[in-house]
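Read off the chains here:
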Amino acid sequence: MQYFVQLLISGLAIGAIYSLIAMGFAVIYKSTGLVNFAQGEMTMIVAYIAWTVSTTISGNVVIVSLAAILSAIVLGLVIERVVMRPMLGEPIFATVMVTIGLAVILRSSINFIWDAYPHGLDIGMGRDIVRVAGIGVRTGQIAVIITLLLLLAAIWAFFRYSKIGVAMRAVAADDRTALLMGISATRIHALAWAASSAIAGIGGVFFALSYDLSPAMFQLGLKAFPATILGGLDAVLGSGVGGLLIGLTENFAGGYIGSGMKEVAGFAMIIVVLMIRPFGIFGERDIERV
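S.K.: What is the right way to read empty space enclosed by the protein from this model?
M.R.: Think of a ball as big as a water molecule: rolled over the atoms, this probe shows where empty space is left. Considering all chains together, one arrives at one cavity of 30 Å³ or more under this definition. Roughly 30 Å³ of internal volume is contained in the largest cavity. In terms of lining residues, the largest cavity is bounded by Lys223, Pro226, Ile246, Glu250, Gly266, Phe267 and Ile270. Elements with a minimum of two residues in the lining of the largest cavity: helix H9 (219–231), helix H10 (236–256) and helix H11 (262–276). No other element matches the three residues that H11 contributes to the lining of the largest cavity. Of the residues that constitute the lining of the largest cavity, the class distribution is four nonpolar, one polar and two charged.

S.K.: How should H9 be read in this particular structure?
M.R.: At 3.6 residues per turn, the α-helix brings residues three or four places apart onto the same side. A rise of 1.5 Å per residue sets the reference length of H9, with its 13 residues, at 18 Å; its end C-alpha atoms lie 19 Å apart and thus fit the reference within 8%. Within H9, burial applies to Leu220, Gly221, Lys223, Ala224, Pro226, Ala227, Thr228, Leu230 and Gly231. Count one or two residues on from H9 and you reach glycine 232, which has phi positive near 120 degrees.

S.K.: How should the packing of helix H2 (residues 39–56) against helix H4 (residues 92–113) be read in this particular structure?
M.R.: The relative placement of two packed helices is expressed as an angle between their axes plus a distance between the axes. Closest axis-to-axis distance for the H2/H4 pair is 9 Å, and the angle between their directions is 30 degrees. Taken as axis vectors, H2 and H4 run roughly parallel relative to one another. Considering only the axes of H2 and H4, their crossing is left-handed. In contact with Glu41, Met42, Met44, Ile45 and Tyr48 of H2, H4 contributes Ala103, Leu106, Arg107, Ser109 and Ile110. Taken together, the residues of the contact of H2 with H4 sort by class into seven nonpolar, one polar and two charged.

S.K.: Looking at this structure, how should I read the packing of helix H1 (residues 2–32) against helix H5 (residues 139–161)?
M.R.: Two numbers describe how H1 lies on H5: the axes approach to 8 Å, and their chain directions differ by 30 degrees. In terms of orientation, H1 and H5 fall into the roughly parallel class. Helix-helix and strand crossings are classified by hand; for H1 and H5 the assignment is left-handed. On the side of H1, the interface is formed by Ile9, Ser10, Leu12, Ala13, Ala16, Ile17, Ser19, Leu20, Met23 and Lys30, while H5 contributes Gln141, Val144, Ile145, Leu148, Leu151, Leu152, Ile155 and Phe159. For the contact of H1 with H5, a count of residues per class yields 14 nonpolar, three polar and one charged.

S.K.: Is there a simple way to think about the packing of aromatic side chains in this case?
M.R.: What describes a pair of aromatic rings is the distance from one ring centre to the other and the angle between the planes of the rings. According to the stated counting rule, one finds seven aromatic pairs in the structure shown. Ring centres of phenylalanine 37 and phenylalanine 225 lie 5.5 Å apart, and the angle between their planes is 55 degrees; on these two criteria the pair is classed as tilted. Within this pair, whereas phenylalanine 37 is found in the loop between H1 and H2, its partner phenylalanine 225 is found in helix H9, the two being separated by 188 residues in sequence. What makes phenylalanine 37 partly exposed here is its relative accessible area of 36%. Exposure remark for phenylalanine 225: the relative accessible area of 21% places this residue in the partly exposed category. Plain terms: the ring middles of phenylalanine 207 and tyrosine 211 are 5.0 Å apart, the flat faces sit at 40 degrees to each other, and that makes the pair tilted. Using a relative accessible area of 17% as the deciding quantity, one classes phenylalanine 207 as buried. What links up through ring pairs into an aromatic cluster is the set Phe4, Phe252 and Tyr256.

S.K.: Would you explain the pairing of strand E2 (residues 135–138) in this entry?
M.R.: Consecutive side chains of a regular strand alternate in pointing toward one face of the sheet and then the other. A one-sided burial pattern is seen for E2, the buried positions being Ile135 and Val137 and the unburied ones Gly136 and Arg138. Here four bridges tie strand E1 (residues 129–132) to E2, and the two strands are oriented antiparallel to one another. Following the sheet pairing, valine 130 is matched in E2 by valine 137.

S.K.: Would you mind showing me how to read the side chain of lysine 223 here?
M.R.: Looking at the secondary structure, you find lysine 223 in helix H9. In contact with lysine 223, not counting residues within four places along its chain, are Tyr18, Ile246, Glu250 and Glu263.

S.K.: Got a minute to help me understand the environment of glycine 15 in this structure?
M.R.: Looking at where glycine 15 falls in the secondary structure, it is placed in helix H1. The exposure class of glycine 15 is buried, given its relative accessible area of 0%. When the C-alpha atoms of glycine 15 and phenylalanine 159 are compared, they prove to be 23 Å apart, with 144 residues separating the residues in sequence. Leave out the neighbours within four places in its chain, and glycine 15 touches Gly243, Leu244 and Gly247.

S.K.: What am I meant to see in the pattern of salt bridges here?
M.R.: Opposite charge on two side chains makes pairing possible when the charged atoms of those side chains draw close. Counted according to the given criterion, the structure contains three salt bridges. The partner of arginine 107 in a salt bridge is glutamate 41, and the shortest N-O contact between them spans 2.8 Å. With arginine 107 in helix H4 and glutamate 41 in helix H2, this residue pair connects regions lying 66 residues apart in the sequence. Residue classification places arginine 107 among the partly exposed residues on the basis of a relative accessible area of 32%. In this structure, glutamate 250 engages lysine 223 in a salt bridge whose closest nitrogen and oxygen atoms are separated by 3.8 Å. Here the residue glutamate 250 occupies a position in helix H10, and lysine 223 occupies one in helix H9, the gap between them amounting to 27 residues.

The rules we used
Residues numbered from 1 in each chain as written. Predicted model: local features only at pLDDT ≥ 70, side-chain atom pairs only at ≥ 80, totals over all residues. Heavy atoms only, no water. 1 Å grid on protein atoms, 1.4 Å probe; cavity = no way out; pocket = protein on both sides within 12 Å on 5 of 7 lines; lining within 4 Å. Points joined across faces, edges and corners; volume = space filled by probe spheres on them. Helix = DSSP H or I, 4+ residues; strand = E, 2+ residues; numbered from the N terminus. Nonpolar A, V, L, I, M, F, W, Y, C, P; charged D, E, K, R; others polar. Expected span 1.5 Å × (residues − 1). Buried < 20%, exposed > 50% of the residue type's maximum accessible area, 1.4 Å probe, protein only. Axes fitted to C-alpha atoms, helices over the stretch in contact; angles between N-to-C directions. Parallel < 35°, antiparallel > 145°, perpendicular 65-115°, else oblique. Left-handed = near helix turned anticlockwise from the far one by under 90°. Contact = heavy atoms within 4.5 Å. Phe/Tyr/Trp six-rings, centres within 6.5 Å; stacked < 30°, edge-to-face > 60°. Pairing = 2+ DSSP bridges. Salt bridge = Lys/Arg side-chain N within 4 Å of Asp/Glu carboxyl O.

This is how it looks when you write it as structure tokens:
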């Protein structure tokens, strides 16, 4: 039973990180209809910026957190304005290829700006061990689960009750009609990229805090994207749930079946689910036509 609880808690913790990054995918898709294949690299860049701030300016948790969030917002806005806005109106395939090229550039920039060695993010908290049901758990793992739950509630309220949230949904459904209604598509796109970068960046910082950061962190995007597909590309909250399911499935498969199954189990679950619901667990049926 103790082993089960250990797998459960660690699965929820890594799943929460997948969820945050997956929600970043879904925010951009829901607002722009675009899949951003540079999401993992953006997550990695924000984590490296947080590490740089902690080692050169201050390791204070508040300062590092604010620096990470602000840098993520700026990164998202710059990418939207410089790279993505000129692609408005272009074929989806061309735009997706641009995000793939952006991913390669961001991934390569790590070695140019920083280095290829692993680093630990030390902000004086997050790596302490506490006992939960007799199991040693890092405080950072508990914090990322709580953060995910708070963000899920905030995003649900945002899309349901705020004018900007409704405008995002309108632009994604039909940007030309939304423009006729007085909604600025470019402003909504910029906001979506900033929000997506910030949410995913938080996930990257938590990963670096609980584990380590290295140039291989971009692979988090490869793990989180299946979570988005599982929950539904157009379902931000569903992507959050999908990340938890992927994390739990990987952990239980690796713990009870074999370590080699850990990398396969999540994708196997996606295949089964999509055979039944091609638009994802929480996605709308329109996703079948995308």
